[in-house]
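# A closer look at the structure
Listed here are the chains, written in short residue letters.
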Amino acid sequence: MITVNINGKDIKLEKAVTVLEAARSAGIKIPTLCYHEQLEKYGGCRLCLVEVEKMPRLQTACTLISADGMVIRTETEQLAEVRRGILEFLLINHPLDCPYCDKAGECELQDLVEKYGTAKGRYMEKKRTVPESLEDPVIVRNMGRCIACTRCVRMCEGVQGASAIAVINRGGHSHIEPFSGGRYDCEYCGNCVSVCPVGAIMSRLHRHSYRPWQVKENIETVCPYCGVGCTVILQVRDDVIKRVVPRIGSVVNNGMLCSRGRFGYEFVGNRERLTSPLIKKNGVFEEATWEEAISLVANRLKEARDGYGGAAVAGIASPRCTNEDNFIFQKFMRVVLGTNNIDSSARTGYAGAQSFIENISGQGATANIIAGLSNSDVVLVTGGDPTTVNPILGLQIRSCAGKGGNILTVGHVRGLRHFNPAELRPALFTETLLLEGILHSLKNTKELPGSNPKFEAKIRELNISPEDIIKTCGVSEEDFNGFLKKLSGAANPAIVIGKELIQSIGSSYKLFLVLAINYLINGRVYLLSERANEQGLIDMGCTPDSLPGCRPVAYAEFRRRYETAWKTTIPDKPGLSIFEMMDSAGSGALKAMYIMGENPLFNLPESHASEAALKNLDFLVVQDIFLTETGKLADVVLPSLGWSEKEGTFTNMERRIQRLRKAVYRDGMEDWKILSEVAKNMGVKFNYADAEEIFNEISRVSPLHRDLTYNEIEKGNALYPYKGEPLRGVMEDIVSHKGDRLDAGDKLYLGLERPLFHSGTLSTKASALLHIYPEAVATISPSTAEKFSLKPGDKVRVTTGAGSLSLPVAVDDAVHGSLVMITNNFEGKGAFALIKYIADPVTKAPVIEGIEVHLEKDGTV
């Protein structure tokens, strides 16, 4: 125990910390400008100088480590005089434009000048001026206000790992700007905005629209985009979200945000939002009352159920809706409509992959703490770039590298390229062989642990020649052996699996190989998740083969629990997957479909087939916040409330349950309430006053969520396995599908780009993100551009066996020479329109690999 005395107060410390941290722990404030909790200690501004007995000079509190018996004074006349002098120096060039500056009211320099004052300025030199820069789409720079504290530089380099800005020049000519000059060439995370103590770097989204003291509410909630589940604070004025900021100390993201989380909130107030129910009459939508629309939906669903049976009706749930919404959705489908035909877009990767992983490694195998990645000594990344899919998780991998850990990648991972990864980049379509080689070499050097005999029997069957791997995959023997040495020597390893692996040829076999590698090195598995509540909707039972709490629907003893609680009979056979629903609708076997918060016409491969299938239904109802491509085909469209307009919970990829809170008011109903009203019109009462009552039912009927309450969730105690019962002892045979290896030849193939700045189509409704990444493009390598005489901005027609798109060209030297990369984010320009649906027979995930592409210059506008 260490005891220090600060301003006459004894403070006991468990361990040695800086004097500044010791003072703050006791509520004693020491002024700072360069110090920030998230950044390395710097000691540059000198405002935190303190007097320490027996030390002849003033000391910087932010760098001085406390020692037992230390006596410190933080407020004396000498210190006040020194601080006034420092502030006087800072104001030599700092403009006195507080009435105009958006930082006024939360400017740290302004607060310190107000406290310590500068009686008068003695420096008569002309102020250095720098013009305001509006070159960046989401950030405004007024570097004339910069005080050179370097917070932004240390954040960008040391924490974000982007290294996009630096201190340029020296002495009085020092200033901070992007390496490239002009516009930032960066990830637009905005974390530099968070740490800037003055108004030098600020968000453009709320420029000159309000003052900080005009914010009426600060609502803590969860980001609506990816599966990391970052904590965000919505700052609201006049029922409008003015700004989104992170919370330092939050367990998931600890004050960090990505571009989507910080700047992607504008979709909430988008003018295209649905405001009233729509009913299609004679092929044209007409506005209707809620009573008319709900009555029509109830009657038509009842006709389909009674006329053809529950098997003729299907429902698609949403990873963007809350746990409560999804729980009521699956209950509505099973109790009211009598069907297990329930699925979601999670089937395109996450759901099938997790089921496969858990069958081998046990339920909860992917429920690992994201922050634990930074403490790993080895992180193996395969199947995509985590820094774009789950950016905050990607930061933990970068942090691991910063702490001396080894980053291993199968394939090129652009977001980790500056972190000295050991990279094995196999030739196109040879990734399976490379993984086999890694596993074969590991099993010859590491002993099988004996904990999973079935799995080990499969591992022993593998036999391959390392020479074949080197020759066929095109990796060097030196790189391969170096990679293996780091992997086999890991003491605390982790493996990160992305969707590119899950959606590739032979994905289930590749998953088997990766899991076997993980089994041999005794690592942890992280499964990247593209949507905010993919995990939650699975846990809530929105799959065709499982009930809430991930209990298989085929087991009578599991069904009985829910049948007793809901006083009904649940079908004993698993229902249709989302792809089987499309096939069944196309054949005419499926008569009606209820889609909540999802856009399958855009988010499923072979869009033209999905469109024909949905048009073939007798009745289609879509419930959403925008009129999507799928919504345009519906017979009835029901407008629901969005992310910031309702209460509930999300479950992130760690399986951490977090509270979603209402921040703004909007006329309308939550998704669960709309479903309850439809159920009531069909003669079944769902009596819930609010989302908390629904969660209370979840905790009663789901063994996994047993006795969990909102109160415990708000305390941060809702981490898997909660207080519940994970499913144990149910293991099916290990089946995987290897698939045939393609010969790449001299052809071009379609690649699915997963951009940092977009998530589904939701982000395209946020104007700030559109300013960063405004349109769909066909991104090609310099060699491909040269071959086809293309330059950036040229129009090119991309054609496959499924369709064609006309897109502008972008050239990127990080793209493989045989690939044409296209996103699936922009309406009418999605990559899935070019993909024919072929599924892995085990995971049921679509195969988005090996699709031949033809390019030609397109002269059309």
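Reading the values: rules and limits
Residues numbered from 1 in each chain as written. Predicted model: local features only at pLDDT ≥ 70, side-chain atom pairs only at ≥ 80, totals over all residues. Heavy atoms only, no water. Domains from an automatic or database assignment. Contact = heavy atoms within 4.5 Å. Buried area = accessible area lost by both parts, 1.4 Å probe. Salt bridge = Lys/Arg side-chain N within 4 Å of Asp/Glu carboxyl O. Helix = DSSP H or I, 4+ residues; strand = E, 2+ residues; numbered from the N terminus. Nonpolar A, V, L, I, M, F, W, Y, C, P; charged D, E, K, R; others polar. Buried < 20%, exposed > 50% of the residue type's maximum accessible area, 1.4 Å probe, protein only. Pairing = 2+ DSSP bridges. Axes fitted to C-alpha atoms, helices over the stretch in contact; angles between N-to-C directions. Phe/Tyr/Trp six-rings, centres within 6.5 Å; stacked < 30°, edge-to-face > 60°. Lys NZ or Arg CZ within 6 Å of the ring centre and 35° of its normal.

By convention, interface size is frequently given as the accessible area that disappears when the constituent parts associate. If you check the domain split of the protein, you get domain 1 (2-75), domain 2 (122-267), domain 3 (278-344 + 542-706), domain 4 (350-527) and domain 5 (748-857). Here the C-alpha centroids of domain 3 and domain 5 sit 31 Å apart. At the junction of the two partners, domain 3 supplies 14 residues and domain 5 supplies 19 residues. Taking both sides of the interface into account, the surface hidden between domain 3 and domain 5 amounts to around 1,400 Å²; carbon and sulfur atoms contribute 62%. At the junction of domain 3 and domain 5, the tally comes to 1 salt bridge. With a shortest N-O distance of 3.0 Å, Lys 632 and Glu 827 are connected by a salt bridge. Within the residue set of the side of domain 3 that touches domain 5, elements represented by two or more residues are helix H20 (578-587), helix H21 (600-603) and helix H22 (607-615). For the side of domain 3 that touches domain 5, a count of residues per class yields 6 nonpolar, 3 polar and 5 charged.

One pass over the structure, following the stated rule, counts 54 salt bridges. Across the pair Arg 84 and Glu 81 runs a salt bridge whose closest N-O atoms are separated by 2.9 Å. Taken as a pair, Arg 84 and Glu 81 lie in helix H2 (residues 77-90) at a separation of 3 residues, close to a single helical turn. A residue is classified by how much of its surface remains accessible, and Arg 84, at 22% relative accessible area, is partly exposed. Classification of Glu 81 by relative accessible area gives partly exposed; the value is 47%. Salt-bridge contacts for Asp 136 lead to Arg 141; the nearest nitrogen and oxygen are separated by 3.0 Å. Looking at Arg 141, the relative accessible area reads 6%, which means it is buried.

Covered by surrounding structure in strand S33 (residues 819-822) are Leu 819 and Met 821 together with Val 820 and Ile 822, the residues of both alternating faces. Where strand S29 (residues 748-752) meets S33, 4 bridges bridge the pair, whose relative direction is parallel. When the sheet's bridge partners are listed, Gly 751 is paired in S33 with Met 821.

As summarised here, the arrangement of the 5 strands in space is S19-S18-S17-S20-S21, forming an open sheet in which the pairing is parallel. Taken across any chain shown, the strands that pair with only one partner, and hence form the sheet edges, are strand S19 (422-424) and strand S21 (524-527). Geometrically, the sheet is characterised by an average inter-axis angle of 15° between neighbouring strands, direction not taken into account. In this sheet, S21 lies alongside strand S20 (residues 493-497) in parallel orientation, the contact comprising 4 bridges. Paired with Val 496 across the bridge in S21 is Tyr 526. In the packing of helix H15 (residues 477-488) onto the sheet, the strands contacted are strand S17 (378-382), strand S18 (406-410) and S19, and the crossing angle to S18 comes to about 130°.

This part takes up the packing of aromatic side chains. We describe a pair of aromatic rings using the distance from one ring centre to the other and the angle between the two ring planes. For the structure shown, the criterion picks out 18 aromatic pairs. Three or more aromatic residues joined by ring pairs form one cluster here, namely Phe 455, Tyr 509, Phe 512 and Tyr 519. Just above the ring of Tyr 184 sits the side chain of Arg 141; from NZ or CZ to the centre is 4.6 Å. It is Lys 765 that lies over the ring of Phe 626; its NZ or CZ is 5.2 Å from the centre.

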